[in-house]
Amino acid sequence: MKATNENSGSLLELHQVSKTFESGPAEVSVLTDIDFSVTSGETVAIVGPSGCGKSTLLNLIGTLEKPTSGSIAFDGQDILQLNANQLAEFRNQSIGFIFQLHHLLPQCSVLENVLIPTLVNKNRSGARQRAEALLDRVGLSDRVAHLPGELSGGERQRVAVVRALVNRPRLLLADEPTGSLSSDGAEQLTALLLELNKEENLALIVVTHSMSVASSMGRVLELDHGTLSTYAEKN
Ligand code: ADP
Ligand code: MG
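Reading guide: rules and limits
- Residues numbered from 1 in each chain as written.
- Chains lettered and ligands numbered in written order.
- Predicted model: local features only at pLDDT ≥ 70, side-chain atom pairs only at ≥ 80, totals over all residues.
- Heavy atoms only, no water.
- Near = heavy atom within 4 Å.
- Polar contact = N/O pair within 3.5 Å; in protein donor to acceptor, adjacent residues only side chain to side chain.
- Areas by Shrake-Rupley, 256 points an atom, 1.4 Å probe, with all protein chains shown as cover.
- Helix = DSSP H or I, 4+ residues; strand = E, 2+ residues; numbered from the N terminus.
- Nonpolar A, V, L, I, M, F, W, Y, C, P; charged D, E, K, R; others polar.
- Axes fitted to C-alpha atoms, helices over the stretch in contact; angles between N-to-C directions.
- Parallel < 35°, antiparallel > 145°, perpendicular 65-115°, else oblique.
- Left-handed = near helix turned anticlockwise from the far one by under 90°.
- Contact = heavy atoms within 4.5 Å.
- Buried < 20%, exposed > 50% of the residue type's maximum accessible area, 1.4 Å probe, protein only.
- Arc of directions from axis to C-beta.
- Phe/Tyr/Trp six-rings, centres within 6.5 Å; stacked < 30°, edge-to-face > 60°.
- Core = buried A, V, L, I, M, F, W, Y, C linked by side-chain atoms within 4.5 Å.
- Pairing = 2+ DSSP bridges.

**Student:** What's the story with the site of ligand 1 in this structure? I'm lost.
**Tutor:** Taken together, F21, V30, P49, S50, G51, C52, G53, K54, S55 and T56 make up the full set of residues adjacent to ligand 1. Between ligand 1 and the protein, one listed contact pairs an oxygen atom with a backbone N or O atom of G51 at 2.7 Å. A distance of 2.6 Å separates an oxygen atom of ligand 1 from a polar side-chain atom of T56. In isolation ligand 1 offers 560 Å² of accessible surface; the protein chains occlude 58% of this area. Element by element, the count of residues in the shell around ligand 1 is highest for helix α1 (residues 54-61), at three residues. Classifying every residue of the shell around ligand 1 by side-chain character gives four nonpolar, five polar and one charged.

This is how it looks when you write it as structure tokens:
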């Protein structure tokens, strides 16, 4: 499943994407005709009130849910046409996900946690080296054998970042990644994401309630009443 779209420069392209949830007899329309694209290595923040559909939008991009209508292309390929195996591979190889809570496995060491996404790789040589290099990169080289419970909140979130990046995805989706951190921790995590963005040409889509996190991204979009609009843009 290799298809590249070198001409447009668009890594991700949503066209007229809508999402409606059935809620008993009622239908809840969460996203309406969203047009949204992200180029390779771009950084985007998404802000908006609680319940406006930010997580739903990330879940659609991350293929955890399907839109009710519209199309989503990644690297020129229509990801809504992928079968279950291709979807699993796409999620594993092309996208990294981090959440407000780190979702690390408590009984596994830091190194074991970050190697989980590599277990399905056909070619696993280099995975451990990559994991160790990234852990070193985020200042956790002396914590590889620790359990998540032995780390601070900021350290756990850095482990989650490493786990999300271990397979070299092109796009990182972060759903309120600093929501459980102190303001210092939030600042450090944001700085780390921006450094990795530069070093690995990693595109970032960060959902956040923090204006300071949002304003450090290249573009800030606001989601409200099902529609995305530009909130701020750096030149
Ligand atoms: P946000 O992340 O911006 O707080 P969400 O994307 O989690 O918002 O939710 C947007 C809306 O969609 C909310 O009204 C929520 O109740 C509804 N919603 C989300 N997921 C589901 C679901 N699986 N079934 C029904 N309604 C849902
Ligand atoms: Mg949410």
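**Student:** Got a minute to help me understand the packing of helix α5 (residues 153-165) against helix α6 (residues 183-200) in this structure?
**Tutor:** Packed helix pairs are specified by the crossing angle of their axes together with the interaxial distance, meaning the distance between the axes. Where α5 contacts α6, the two axes come as close as 11 Å, and the packing angle between them is 20°. Relative to α6, the element α5 lies roughly parallel. Every pair of crossing elements has a handedness; the one defined by α5 and α6 is right-handed. Across the interface between the two elements, Q157, R158, V161 and L165 from α5 touch L189, L192, L193 and L196 from α6. Considering only residue class, the contact of α5 with α6 consists of six nonpolar, one polar and one charged.

**Student:** How should helix α4 (residues 127-137) be read in this particular structure?
**Tutor:** One turn of an α-helix holds 3.6 residues; hence residues three or four places apart share an orientation. Listed in full, the buried residues belonging to α4 are A127, R130, A131, L134 and L135. What you see down the axis of α4 is that its buried residues fit within an arc of 130°, all on one side. For α4, the secondary structure elements touched by its buried residues are α3 (110-115), α5 and α6. G139 lies just past α4 and shows a positive phi near 80°.

**Student:** Help me understand the packing of aromatic side chains in this model?
**Tutor:** The geometry of an aromatic ring pair is captured by two quantities: the separation of the ring centres and the angle between the planes. The full count for this structure, using the stated rule, is two aromatic pairs. A ring pair is formed by F74 and F90, whose centres lie 5.1 Å apart and whose planes are at 75°; its orientation type is edge-to-face. Of the two residues, F74 is situated in strand β4 (residues 69-74) and F90 in helix α2 (residues 84-94); the sequence distance between them amounts to 16 residues. In terms of burial, F74 and F90 fall into one category: buried. Ring geometry for F97 versus F99: centroids 4.9 Å apart, planes at 5°, classification stacked.

**Student:** Help me understand the nonpolar core, please; the structure alone is not making it clear to me.
**Tutor:** Taken as a class, soluble globular proteins show a tendency for nonpolar side chains to be buried jointly. Core analysis: the largest hydrophobic core is formed by 37 residues, its most contacted members being I98, V161, L172 and L204. When contributions to this core are tallied by element, the ones reaching two or more residues are β3 (43-47), α3, α4, α5, β7 (171-175), α6, β8 (203-207) and α7 (211-215). With six residues, the top contributor of residues to this core is α5. Setting aside residues up to four positions removed in sequence, L172 forms contacts with G96, F97, I98, A164, L165, L193, L202, A203, L204 and I205. Counting residues in hydrophobic clusters, the runner-up holds 33 residues, among them V30, L57, I79 and L223.

**Student:** Honestly, the sheet that holds strand β6 (residues 95-98) in this entry has me stumped. Any pointers?
**Tutor:** Strands in a sheet are paired, the pairing made by backbone hydrogen bonds, and the direction either parallel or antiparallel. Ordered in space as β6-β7-β8-β3-β9-β10, the six strands form an open sheet in which the pairing is mixed. At either margin of the open sheet sits one strand with a lone partner, and together these are β6 and β10 (227-233). Neighbour-to-neighbour, the strand axes of the sheet open up by a mean angle of 20°, direction not taken into account. Pairing between β3 and strand β9 (residues 219-224): four bridges, direction parallel. Across the sheet, the residue bridging to V47 is E222, located in β9. Across the sheet, α5 is in contact with β6 and β7; its angle to β6 comes to roughly 165°. The strands that α6 touches are β3, β6, β7 and β8; relative to β8, the one it contacts most, it runs at about 155°.

**Student:** What is the right way to look at the side chain of R219 in this model?
**Tutor:** Locating R219 in the fold gives a position in strand β9. Given a relative accessible area of 13%, R219 falls into the buried group. Beyond its immediate chain neighbours, meaning those up to four positions away, R219 contacts F36, S37, V38, E42, T43, V44, A45, A232 and E233.

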